[in-house]
Amino acid sequence: MELSDIAGVLDPGDPPYRARQIYQAVYDRRVERIAQITTLPKAAREELEARLDVGWPKAAAHFDSTDGTRRYLLRLADGRTVETVLMPEESRDTICISSQVGCPVNCRFCLTALMGLERHLTAGEIVGQAVYVMREHGLDPRRSQTNIVMMGMGEPLLNLANVLKAVRLLTDEQGIGMSGRRITVSTSGIVPAMEELGRAEVRPKLAISLNASTEEQRRELMPITRKYHLRDLLDACRGYPLRPWEKLTFEYVLLKDVNDTDADARRVARMLANLRAKVNLIALNPGPGIPYGTPADERVAAFQAIVRKTVPCFVRKPRGRDIYAACGQLKRIESIASEAI
Ligand code: SAH
Ligand code: SF4
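Reading guide: rules and limits
Residues numbered from 1 in each chain as written. Chains lettered and ligands numbered in written order. Predicted model: local features only at pLDDT ≥ 70, side-chain atom pairs only at ≥ 80, totals over all residues. Heavy atoms only, no water. Helix = DSSP H or I, 4+ residues; strand = E, 2+ residues; numbered from the N terminus. Rg over C-alpha atoms; globule rule 2.2 N^0.38 Å. Contact = heavy atoms within 4.5 Å. Areas by Shrake-Rupley, 256 points an atom, 1.4 Å probe, with all protein chains shown as cover. Lys, Arg positive; Asp, Glu negative; His and termini not counted. Charge placed at Lys NZ, Arg CZ, Asp CG, Glu CD. Near = heavy atom within 4 Å. Nonpolar A, V, L, I, M, F, W, Y, C, P; charged D, E, K, R; others polar. Buried < 20%, exposed > 50% of the residue type's maximum accessible area, 1.4 Å probe, protein only. Pairing = 2+ DSSP bridges. Phe/Tyr/Trp six-rings, centres within 6.5 Å; stacked < 30°, edge-to-face > 60°. Core = buried A, V, L, I, M, F, W, Y, C linked by side-chain atoms within 4.5 Å. Polar contact = N/O pair within 3.5 Å; in protein donor to acceptor, adjacent residues only side chain to side chain.

## Here we look at the overall build of the protein
Next up, step 1: If you tally the helices and strands in the protein, you get eleven helices and twelve strands.
Next up, step 2: The C-alpha atoms of the protein give a radius of gyration of 21 Å, which matches the 20 Å a tight globule of 341 residues would have.
Next up, step 3: C-alpha atoms of the protein, sized along the principal axes, occupy 70 × 45 × 35 Å.
Next up, step 4: A fraction of 66% describes how many contacts in the protein between residues 6 or more apart in sequence connect residues 24 or more apart.
Next up, step 5: Per element, the accessible surface of the protein, about 15000 Å² overall, is 49% carbon and sulfur.
Next up, step 6: Measuring between centres, the 49 positive side-chain charges of the protein sit 4 Å from its 43 negative side-chain charges.

Here it is, written out as structure tokens:
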């Protein structure tokens, strides 16, 4: 609910500050129900409680990894579930949220792809995942370092209007008050939507899942490349209106003997040489039905060493692999989850 949505359900006779009062209670104090807004007169509270449902998601289950990662299965109003992951670190917490139930993009190495798309999430459901974790763990993004990454289930740029609305709600000073610099959206390369994102007034940082070093290889691993060619994706990256402090992040999933050779690394370095960019490497998180293997640590290090000569390049530690919470492993089938713990 944006402020205007709340104002829309109020009576014309309500005082003008009422919508803001409710908005702040919901997003800044993060109440669960209108009845808990004690600053409202009792009669208004009861009357509005019947008309306005705050509707934060509820946990259907959670799974704890040995590395501290916690994966939530959150239940939405229609009974569907979505995955949200908290990755605590010493100096900061990262919340990984979903943008769709399932995903329509069929990347060959990703478990979520096997679900297909069930539906888009609303802006409220996207924000709701972050708020759920903040409430549950007492995180206050105004005081502590909390990052949000839209790298859970779904392709955020295929649900851009709701994603942008969610970002506005997360960054609104009157509400949750996060910095937009702490929110990252990751895309498989939906070129026209990248252009639209670049034009948005309030926008998160952008990460691109590159995952291949040639057009042909990317077509194989990410068939969406047949629609949005790698060449056009790189052109869109070159034309992307980065802010002065900003870099593009390229994610690269390393698949054993497929895209992890020295020649691949050299091509990646060359491809990104003239971009303000950094690369995050991640060794494949394996899963049932995924026809690829995970390269050895030494291969990952060798790949990094080559890319790093040209572009800053980091290796992302897998988090929560034992509970299927790691990248590309988010699939809501609960039997997999229970098998894994
Ligand atoms: N749909 C968006 C965001 C969600 S996927 C996107 O594709 O960018 C988040 C990240 O997980 C992507 O970078 C994707 O390449 C990566 N990923 C998918 N499957 C993976 C797997 N099995 N192991 C490691 N990373 C994976
Ligand atoms: Fe969808 Fe991203 Fe998985 Fe590809 S990697 S199937 S775009 S969630």
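Still more to cover.
## Topic: the site of ligand 2
Next up, step 1: Taken together, C103, V105, C107, C110, A113, G154, E155 and S188 make up the full set of residues adjacent to ligand 2.
Next up, step 2: Per-class residue counts for the shell around ligand 2 are five nonpolar, two polar and one charged.

## Focus: the pairing of strand β4 (residues 93-96)
Next up, step 1: Going residue by residue along β4, you find D93 and I95 tucked away on one face and T94 and C96 tucked away on the opposite face as well.
Next up, step 2: For strand β3 (residues 81-88) and β4, the ladder comprises four bridges, and the chain directions are antiparallel. Along β4, the bridge assignment pairs V85 with C96.
Next up, step 3: Turn length for the β3-β4 hairpin, with the two strands adjacent in sequence and antiparallel, is four residues.
Next up, step 4: Where β4 lies against strand β7 (residues 146-150), four bridges are found, and the strand directions are parallel.

## Some words on the packing of aromatic side chains
Next up, step 1: According to the stated counting rule, one finds four aromatic pairs in the structure shown.
Next up, step 2: Taking the centre distance of 4.9 Å and the plane angle of 50° together, the rings of Y23 and Y27 count as tilted. A residue pair is termed a helical-turn pair when its members lie 3 or 4 positions apart in one helix, as Y23 and Y27 do in helix α2 (residues 18-27) at four residues.
Next up, step 3: According to the relative accessible area criterion, Y27 is buried, its value standing at 2%.

## Here's the deal with the nonpolar core
Next up, step 1: Counting 103 residues, the largest nonpolar core has I22, F109, I148, F250 and L272 as the members making the most contacts within it.
Next up, step 2: Residue contacts for L272: discarding those within four places in its chain leaves L210, L234, F250, V279 and V311.
Next up, step 3: By size, the runner-up hydrophobic cluster in this structure holds six residues, among which are M87, C96, V149 and A207.

## With respect to the site of ligand 1
Next up, step 1: As a structural note, the neighbourhood of ligand 1 is formed by 18 residues, with F109, G154, S186, S209 and N285 the closest of them.
Next up, step 2: Within the contact set of ligand 1, a nitrogen atom lies 2.8 Å away from a backbone nitrogen or oxygen of F109.
Next up, step 3: Backbone polar atom of T187 to an oxygen atom of ligand 1: 3.5 Å apart, as the coordinates give it.
Next up, step 4: Computed on the free molecule, ligand 1 has an accessible area of 530 Å², of which 96% lies beneath the protein chains in the complex.
Next up, step 5: Among the secondary structure elements, those contributing two or more residues to the shell around ligand 1 are β8 (183-187) and β10 (248-254).
Next up, step 6: A breakdown of the residues in the shell around ligand 1 according to their chemical character gives seven nonpolar, nine polar and two charged.

## Topic: the pairing of β7
Next up, step 1: Along β7, five of the five residues are buried, which leaves the element largely enclosed by surrounding structure.
Next up, step 2: The sheet contact formed by β7 and β8 spans three bridges and is parallel. Counterpart to I148 in the pairing with β8 is I183.

## A word on α2
Next up, step 1: Buried residues dominate α2, accounting for eight of its ten residues.
Next up, step 2: Buried within α2 we find R18, A19, Q21, I22, Y23, A25, V26 and Y27.
Next up, step 3: If you follow the buried residues of α2, they end up packed against α1 (3-9), α3 (42-51), α4 (123-137) and α5 (160-171).

Without other data, these values stay purely geometric and don't point to any function.
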